[in-house]
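What the coordinates show
Each chain is listed here by its residues.
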Amino acid sequence: MEFRLVLLILTASCAAFVSGHSYEDNRCKCVCPSPAAVLNNTDAADRSPFMKSANVPPNKCNCENVILPRVADQIKGREQEFCPRCECKYENRNTTIIKVVVIIVIWVIMLLVVYMGFLICLDPLINKRAKASYQEHTNEDDEGSLGGPSQQLGARGNVLNRVTHQQDKWKRQVREQRRNIYDRHTMLN
Amino acid sequence: MERFPLKSSTPKMGTTYQSVYKKGGTASNGRGAHSTSEDDMVDITAGLNQAAGASVNTTPTSHGTFQLYEHSGRNSTASANSYIAQYFSSSAGMDAVELEQGDTEPLVAADDVGDAVIFSGMSGDDDIPGIGQYDDFHTIDWQRDIARDRMRHRYIVKKRQDSLWDLIKAAHDAWSGWVCVLLVGVCTGIVAGVIDIGASWMTDLKFGICPQAFWLNREQCCWSDTDTTFDTGNCSQWLTWPQVLGGAREGPGAYIISYLFYIVWALVFAALSASLVRMFAPYACGSGIPEIKTILSGFIIRGYLGKWTLIIKVVGLILSVSSGLSLGKEGPMVHIASCLGNILSYLFPKYGRNEAKKREILSAAAAAGVSVAFGAPIGGVLFSLEEVSYYFPLKTLWRSFFCALIAAFILRSINPFGNEHSVLFFVEYNKPWIFFELIPFVGLGIIGGCIATIFIKANIYWCRYRKYSKLGQYPVTEVLVVTLVTAVIAYPNPYTRMNTSELIYLLFNQCGISNSDPVCDYNRNFTDVNSAIEKAAAGPGVYRAIWLLVLALVLKLVMTIFTFGIKVPCGLFIPSLALGAIAGRIVGIGVEQLAYNYPKIWLFSGECSTGDDCITPGLYAMVGAAAVLGGVTRMTVSLVVIMFELTGGVRYIVPLMAAAMASKWVGDALGRQGIYDAHIALNGYPFLDSKDEFQHTSLAADVMQPKRNETLAVITQDSMTVDDVETLLKETEHNGYPVVVSKESQYLVGFVLRRDLNLAIANARRTLEGITGQTVVIFAGNTHQQLAPPPSLMLNRILDMAPITVTDQTPMETVVDMFRKLGLRQTLVTHNGRLLGVITKKDVLRHVKQMDNEDPSSVLFN
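Residues numbered from 1 in each chain as written. Chains lettered and ligands numbered in written order. Predicted model: local features only at pLDDT ≥ 70, side-chain atom pairs only at ≥ 80, totals over all residues. Heavy atoms only, no water.

Residues and elements named next belong to chain B. Residues with a pLDDT of 70 or more make up 79% of chain B, whose mean pLDDT is 78. Taken together, the stretch residues 1–126 has pLDDT below 50 and engages in 243 contacts with residues farther than four places along the chain or on a different chain. Across the whole predicted complex the pTM is 0.81, and at the interface the ipTM reaches 0.78. (pLDDT = per-residue confidence, 0-100. Contact = heavy atoms within 4.5 Å.)

If you want it as structure tokens, here you go:
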């Protein structure tokens with residue numbers, strides 16, 4: 001189960017690498033008040049601040065290099081008043097990490113949902129044997145060293161048997177957890 | 001042992017000692033109840049002479065339990081399975097008593113009996129598999145585990161000279177603790193990065209999508225947009241759902257579509273989260289901190305820190321945070337880090353196979369969890385020390401420090417928010433505060449304490465109601481209903497609609513150019529260059545924002561009460577911070593307007609008379625947030641450190657301390673317990689709080705089991721058969737049995753655990769020939785007579801010959817202290833040197849509850 005999951009994630013992320021767009025990873029973000037507000041032009045309608053982003057090297061990330069060329073016509077020589085109002089910040093990010101992480105998250109959720117659907121719908125049909133008696137919740141770490149018939153059976157049988165055995169053990173544990181929490185309310189209330 | 005007088009030689013029933021307590025001690029009569037009247041004398045007879053002789057032979061100080069890990073220095077020349085035979089003294093003529101008296105030095109058998117290396121940690125195979133581990137819902141024995149580790153360590157040190165390989169193994173053993181916490185730190189950082197990125201993307205999915213790169217959230221989508229206005233925060237690349245459907249961006253139709261999408265997405269996320277938790281890992285629900293506290297205090301919950309819990313907690317956390325429920329990801333982050341610590345500790349047998357040592361790694365992991373949750377490494381270490389850990393030696397402190405450092409570094413290099421910090425709501429402050437402001441800060445502390453008390457009481461009431469009523473039978477439905485109500489109420493109010501972390505960021509922030517929210521709608525004059533951001537009259541936007549914030553405060557408080565405890569991963573750091581930040585911001589705006597309107601009054605001592613701003617509402621929000629969080633969790637030191645690491649300003653330590661202290665006082669006065677302790681009590685976890693004091697006058701004899709008229713189940717050291725032992729195991733449910741010289745004398749020899757006994761007998765039946773029901777089981781004593789067939793079963797290796805004992809007149813204060821400080825699992829009670837009863841941790845917890853007039857049956861588990 002886990003191995004398959006990892007494999008699928010790998011293929012999915014490879015596919016995503018091929019088809020992805022490229023977004024820039026650096027920006028210089030400047031936030032300035034509207035020139036109208038600074039210069040007190042009562043006729044200008046928009047007084048809300050604005051933000052400009054540009055792709056410039058870090059040492060050029062300031063009002064003079066980023067903002068002034070764009071609003072020079074509105075300011076008309078009053079740069080000394082306008083620029084101190086601006087906040088410029090150089091920022092970087094890594095879109096590749098974001099892309100990979102988000103795709104992995106989507107894949108994991110989808111896999112879990114599919115597996116949950118399998119357990120709810122198909123699994124009861126496949127093995128109809130009703131487990132009337134609930135078995136004692138055993139120590140998960142012992143299982144390897146405790147030996148016993150189940151372990152030997154797993155070693156002798158093929159991989160499928162072992163996986164089934166592990167799955168059964170896990171299901172027992174989850175059932176026990178569910179009893180504790182949802183039925184008996186002894187924990188995590 | 002000989003110094004106890006033996007009254008007569010006629011054997012009497014060992015149960016006569018039960019008559020010691022005629023009246024059954026209660027707290028009121030305390031010590032005085034047990035005057036030395038005639039009846040109080042214990043009338044126990046020493047058993048057969050043989051037994052007495054045996055007890056002489058058996059040195060009480062020899063380390064029975066720890067011989068489990070003793071071994072011969074020589075390599076075994078015997079066949080592979082012959083070493084098992086060694087432990088169950090076969091008829092080879094080995095003198096077990098002599099071996100026992102070999103003290104702690106490795107035993108060198110004088111003859112050719114096979115020696116074996118039986119180190120659980122080193123060779124990977126125990127003599128009897130499973131010894132040294134615990135069953136589900138059991139308490140660990142710190143003393144025993146730490147002694148086991150010491151023995152193992154001594155062995156490795158001794159072995160070091162033998163070969164280069166052993167030297168390498170010793171070196172590996174020495175640094176494995178650091179390597180383990182390094183790995184835990186790295187993994188915690190990575191997982192935290194995944195959660196941050198995933199949750200921020202999925203949260204924005206409720207509002208719209210970035211069609212060109214669907215994996216980007218709104219902020220990242222508009223990252224390189226050259227021209228963004230602040231009206232909507234939207235850019236051309238980011239499409240809201242009405243736009244995706246081809247409609248307009250604005251207008252009533254768009255609003256309704258957005259509303260519907262918001263609700264539907266929230267329901268989908270919450271349903272997924274709740275059903276994944278229910279299906280795969282029910283232990284992944286809740287915040288996890290009460291359970292981590294209990295586990296760290298020495299309790300076993302199997303599967304609570306397992307693989308599936310980890311996966312489901314991570315995925316479920318992303319989903320439930322994105323669903324817009326009033327919850328945070330910080331508390332579960334501690335649980336996730338502890339899961340990682342537990343899983344990774346299995347790579348290092350030193351920690352994986354020793355529950356007490358494993359808890360050192362878990363403490364470090366908890367520190368890493370807080371470190372990544374708040375970007376506060378030192379705060380994380382202090383949180384681990386102050387709030388969650390139980391046993392915290394200095395060595396663990398350094399490891400926690402290292403672990404927190406690594407985790408913070410990794411998360412910082414992932415840079416999940418693109419703001420060079422590991423939390424979204426990092427703010428940088430460098431404004432001075434004036435002395436007068438301490439008064440509103442303390443006031444905020446009081447408000448915070450009140451809000452916190454309301455929250456704790458209401459939440460505990462609701463959780464108790466859920467526990468005992470039919471509501472608890474519909475966990476998924478409950479999640480869906482809470483989500484639906486939250487989403488329907490939250491959307492219209494912009495302050496509840498936005499992500500809670502963003503709300504906190506907004507409230508913490510000071511009003512500047514870049515802040516166009518109504519909360520910063522001041523009548524500012526931008527024309528004057530020289531004054532940076534001067535104080536100004538609040539505009540209509542601010543007053544509207546205050547009303548919305550008040551509504552948001554009420555809504556968040558109510559919703560968090562109903563949310564904390566539903567069956568999805570949910571923490572309460574963020575909601576508490578938000579509650580406090582809202583209250584603080586409102587108070588801050590009030591004080592600011594006071595300073596603006598009356599700058600000259602004596603309160604401000606002239607500091608506000610200039611145009612400069614002297615009051616920063618954002619700082620009030622921060623102090624308020626600290627106050628509520630402090631009231632809810634009752635943290636003090638770690639909280640202040642976390643808060644100043646969040647803001648990067650050491651300058652505000654005094655305000656934060658004042659608020660945290662005031663909040664803790666108010667909280668303690670109004671309600672005794674913090675939220676985590678209250679939840680521990682609600683669930684009845686066996687957590688013996690080291691903060692509480694035991695102030696009653698009861699004695700050990702009042703608490704011990706068995707009570708009057710019951711017999712104490714004991715095992716004799718060398719006269720019971722396998723059948724007898726198995727009958728005893730079947731008929732009683734105790735988790736351990738004292739071993740006595742004989743039933744008549746009740747002289748204590750040692751203590752044996754039920755689990756070990758079961759395992760050892762099962763193992764002997766499997767591996768040894770000739771074990772029948774009639775085989776005599778020998779724990780200690782003279783073995784010379786047992787050479788004739790059928791061979792006896794030697795179980796001296798599972799016997800703890802150094803159990804902690806107290807006398808029956810020991811005050812419970814002392815006993816409780818011993819349980820706390822030594823981390824005992826049980827202690828044996830003796831009278832005149834003879835065994836009288838047992839006190840387990842559960843008995844102590846029950847007694848404490850009884851003394852506090854609480855229901856003693858609420859303590860669960862073994």
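The subject of this paragraph is the nonpolar core. Residues and elements named next belong to chain B. Ranked by size, the top nonpolar core spans 202 residues in total, and within it Phe-280, Phe-374, Phe-508 and Met-643 carry the most contacts. With 12 residues, the single largest contributor to this core is helix H6 (residues 164–205). Leu-728, Ile-761, Ala-764 and Leu-799 belong to the second-largest nonpolar core, a separate cluster that totals 28 residues. (Core = buried A, V, L, I, M, F, W, Y, C linked by side-chain atoms within 4.5 Å. Buried < 20%, exposed > 50% of the residue type's maximum accessible area, 1.4 Å probe, protein only. Helix = DSSP H or I, 4+ residues; strand = E, 2+ residues; numbered from the N terminus.)

A word on the UniProt feature "transmembrane region" (unreviewed entry) in chain A. UniProt's entry tags residues 97–122 of chain A with the feature "transmembrane region" (unreviewed entry), counted in the numbering of this structure. Split by type, residues 97–122 of chain A is 100% helix and 0% strand. Its first and last C-alpha atoms lie 36 Å apart. (UniProt positions renumbered as here; feature names shortened; annotations may be inferred.)

It is worth spelling out the packing of aromatic side chains at this point. Inspection of every chain in the model, using the stated rule, returns 27 aromatic pairs over all chains. Both rings, one in A:Trp170 and one in B:Phe280, keep their centres 5.9 Å apart while their planes meet at 20°; by these two values the pair is stacked. Pair noted here: A:Trp170 is in helix H9 (residues 159–183) and B:Phe280 is in helix H9 (residues 252–280), and the two residues belong to different chains. Accessibility expressed as a relative area gives 11% for A:Trp170, which makes it buried. These aromatic residues form a ring-pair network of at least three members: A:Tyr115, A:Phe118, A:Trp170, B:Phe280 and B:Trp308. Above the plane of the ring of B:Phe207 lies B:Arg218, whose end atom (NZ or CZ) is 5.8 Å from the centre. Just above the ring of B:Tyr491 sits the side chain of B:Arg497; from NZ or CZ to the centre is 4.2 Å. (Phe/Tyr/Trp six-rings, centres within 6.5 Å; stacked < 30°, edge-to-face > 60°. Lys NZ or Arg CZ within 6 Å of the ring centre and 35° of its normal.)

This paragraph deals with the pairing of strand S11 (residues 826–831) of chain B. Residues and elements named next belong to chain B. Counting buried positions along S11 yields 6 of 6 residues, so the element is predominantly enclosed. Because side chains alternate across S11, one face comprises the buried residues Gln-826, Leu-828 and Thr-830, and the other comprises Thr-827, Val-829 and His-831, equally buried. One ladder, built from 3 bridges, connects strand S10 (residues 805–807) with S11; its direction is parallel. From the neighbouring strand, Val-806 faces S11, where its bridge partner is Val-829. As judged from the 6 bridges shared by S11 and strand S12 (residues 834–840), these two strands associate in the antiparallel manner. Paired with Thr-827 across the two strands is Ile-839, which belongs to S12. (Pairing = 2+ DSSP bridges.)

This paragraph deals with helix H30 (residues 812–822) of chain B. Residues and elements named next belong to chain B. Of all the positions in H30, only Met-812, Val-815, Val-816, Met-818, Phe-819 and Arg-820 are classed as buried. Where H30 is buried, its residues contact helix H27 (700–703), S10, S11, S12 and helix H31 (841–851). Positive phi shows up at Gly-823, right after H30, with a value of about 65°.

Strand-to-strand pairing in sheets goes through backbone hydrogen bonds, with the strands running parallel or antiparallel. Residue and element names in this part refer to chain B. On the basis of which strands lie adjacent, the open sheet formed by 3 strands has the order S10-S11-S12 and mixed pairing. Two strands in the sheet have a free side with no partner beyond their single neighbour: S10 and S12. On average, each strand axis in the sheet is tilted by 35° relative to the strand beside it, whichever way the strands run. (Axes fitted to C-alpha atoms, helices over the stretch in contact; angles between N-to-C directions.)

Between two cysteines, a covalent bond joining their sulfur atoms is known as a disulfide. Residues and elements named next belong to chain B. If you walk through the whole model with that rule in mind, you get 2 disulfides over all chains. The side chain of Cys-210 participates in a disulfide bridge whose partner is Cys-221; the two sulfur atoms lie 2.0 Å from each other. Residues Cys-210 and Cys-221 are joined through a disulfide that is right-handed, its torsion about the S-S bond being 75°. One end of the pair, Cys-210, is in the loop between strand S1 (208–209) and helix H7 (218–221); the other, Cys-221, is in helix H7, and 11 residues separate them in sequence. Residue classification places Cys-210 among the buried positions, given a relative accessible area of 0%. Cys-403 carries a free sulfur, and the closest cysteine sulfur to it, the one in Cys-180, is 8.4 Å from it. Cys-570 supplies the cysteine sulfur nearest to Cys-463, a cysteine that is in no disulfide, at a spacing of 9.0 Å. Residue classification places Cys-463 among the buried positions, given a relative accessible area of 0%. (Disulfide = S-S within 2.5 Å.)

Moving on, we come to unusual backbone geometry. All names here are of chain B. Positive phi, close to 60°, is recorded for Phe-137, a residue that is not glycine. Although it is not a glycine, Gln-746 sits at a positive phi angle of roughly 55°. With respect to the element layout, Gln-746 can be found in the loop between strand S6 (736–740) and strand S7 (748–753).

Okay, the sheet that holds strand S9 (residues 793–794) of chain B next. All names here are of chain B. As summarised here, the arrangement of the 3 strands in space is S5-S8-S9, forming an open sheet in which the pairing is mixed. Each having just a single partner strand, strand S5 (720–721) and S9 make up the two edges of the open sheet. In this sheet, S9 lies alongside strand S8 (residues 776–778) in parallel orientation, the contact comprising 2 bridges. Residue pairing for S9: Val-777 is matched across the bridge by Leu-793.

All names here are of chain B. For the coordinates displayed, the defined rule picks out 27 salt bridges over all chains. The salt bridge partner of Asp-756 is Arg-144, with a shortest N-O separation of 3.0 Å. Of this pair, Asp-756 sits in helix H29 (residues 754–767) while Arg-144 sits in helix H5 (residues 142–159), placing them 612 residues apart in sequence. As far as burial versus exposure is concerned, Asp-756 and Arg-144 are alike and both buried. (Salt bridge = Lys/Arg side-chain N within 4 Å of Asp/Glu carboxyl O.)

Here we come to the UniProt feature "domain: CBS" (unreviewed entry) in chain B. Residue and element names in this part refer to chain B. Within this structure's numbering, the places UniProt gives as "domain: CBS" (unreviewed entry) are residues 704–767 and 795–857. Helix makes up 38% of residues 704–767 and strand 23%, whereas the separation of the span's terminal C-alpha atoms amounts to 38 Å. Regarding residues 795–857, the helix share stands at 35% and the strand share at 25%, and the terminal C-alpha atoms are separated by 35 Å.

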